[in-house]
Amino acid sequence: MKKVLLSALILFSTASPFVMAGSKVSSDKSIVGQVETIKIHELGMDYKARIDTGAATTSINAYDIKVTGEDSNSDDMRDHLGGMVEFKTKNEDGKEATYKGKIIKVSKIRNAQGVERRYAVIMDLGWNGQHKAVAVNLRNRSKLDYKLLIGRNWLEGNYLVDVEKLDDDD
């Protein structure tokens with residue numbers, strides 16, 4: 001019996017550092033919940049955002065997307081890199097805005113509907129008094145509950161996700 005208890009104690013004590021190391025919380029990172037209110041400074045609008053660690057890039061509700069400039073008639077979206085894109089967006093409160101920004105990348109996104117290409121622009125996202133400028137891809141999210149999806153590019157380096165944490169507005 002003593003050998004079984006001793007073996008269990010040794011097994012637990014050697015497994016324990018793995019658990020402890022994996023759960024260590026760094027004091028220099030802020031903790032966000034699975035839903036947060038995020039301000040997009042360029043728009044002066046708040047969005048109820050879904051935090052999604054499975055998404056590489058942040059995504060905003062965008063529609064009436066129009067590319068402007070020299071190569072705006074090209075069918076190859078990559079030709080528009082460095083050009084300007086204008087789109088409309090609406091948050092879940094129905095507040096609408098128009099934004100014009102430089103296309104910084106064209107991403108190939110794989111999702112349940114297949115593969116699609118999306119433009120991305122840089123936007124300044126704020127939470128809890130902090131600002132972070134990140135690439136935000138443009139997608140019509142009008143039929144989705146969350147008009148802003150926060151991806152790993154916003155989270156990395158600054159934030160940890162606590163799925164039990166509720167949004168301050170809830």
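Thresholds applied
Residues numbered from 1 in each chain as written. Predicted model: local features only at pLDDT ≥ 70, side-chain atom pairs only at ≥ 80, totals over all residues. Heavy atoms only, no water. Helix = DSSP H or I, 4+ residues; strand = E, 2+ residues; numbered from the N terminus. Buried < 20%, exposed > 50% of the residue type's maximum accessible area, 1.4 Å probe, protein only. Contact = heavy atoms within 4.5 Å. Areas by Shrake-Rupley, 256 points an atom, 1.4 Å probe, with all protein chains shown as cover. Core = buried A, V, L, I, M, F, W, Y, C linked by side-chain atoms within 4.5 Å. Salt bridge = Lys/Arg side-chain N within 4 Å of Asp/Glu carboxyl O. Pairing = 2+ DSSP bridges. Axes fitted to C-alpha atoms, helices over the stretch in contact; angles between N-to-C directions. Phe/Tyr/Trp six-rings, centres within 6.5 Å; stacked < 30°, edge-to-face > 60°.

As annotated in an unreviewed UniProt entry, the protein is Retropepsin-like aspartic endopeptidase domain-containing protein from Photobacterium frigidiphilum.

A look at the overall build of the protein
Counting its regular elements, the protein contains two helices and twelve strands. When the helices and strands of the protein are read in sequence order from the N terminus, they spell out α-β-β-β-β-β-β-β-β-β-β-β-α-β. Residues classed as buried in the protein amount to 35% of the 170 residues present. When contacts within the protein are restricted to residue pairs at least 6 apart in sequence, those whose partners lie at least 24 apart make up 60%. Accessible surface, the protein: about 10500 Å² in total, of which carbon and sulfur atoms supply 52%.

Some words on the nonpolar core
Residues Leu43, Ile60, Met123, Leu125, Ile150 and Trp154 are the most contacted members of the largest nonpolar core, which totals 30 residues. Among the elements that line this core, the one with the most residues is strand E9 (residues 114-127), at five residues. Leu43 has contacts with Ile60, Thr89, Ala97, Thr98, Tyr99 and Met123, leaving out every residue within four places of it along the chain.

A few points about the pattern of salt bridges
Tallying each qualifying case throughout the model produces two salt bridges. For Glu116, the salt bridge is made with Arg118, and the minimal N-O distance between the two is 3.1 Å. A residue is classified by how much of its surface remains accessible, and Glu116, at 26% relative accessible area, is partly exposed.

Brief notes about the pairing of strand E4 (residues 58-61)
Every other side chain in a regular strand lies on the same face of the sheet, so the side chains alternate between the two faces. Pairing of E4 with strand E10 (residues 130-139), which is carried by four bridges, proceeds in the parallel orientation. What sits directly across from Ser59, in E10, is Asn137. Pairing of E4 with strand E11 (residues 148-150), which is carried by two bridges, proceeds in the antiparallel orientation. In the strand pairing of E11, Ser59 is matched with Leu149.

Quick look at unusual backbone geometry
Although it is not a glycine, Asp64 adopts a positive phi angle of roughly 50 degrees. Tracing the sequence through the fold places Asp64 in strand E5 (residues 63-68).

Some words on the sheet that holds strand E6 (residues 84-90)
Here we have three strands laid out as an open sheet, ordered E5-E6-E7, and antiparallel in their pairing. The sheet is open, and its two edges are formed by E5 and strand E7 (96-102), each paired on a single side. Direction aside, the axes of adjacent strands within the sheet are offset by 15 degrees on average. Sheet analysis places E5 next to E6, joined by four bridges and oriented antiparallel. Bridged to Lys66 within E6 is Glu86.

Thoughts on the packing of aromatic side chains
Per the stated rule, a full pass over the model turns up three aromatic pairs. Connected via pairs of aromatic rings, a cluster forms that spans Trp127, Trp154 and Tyr159.

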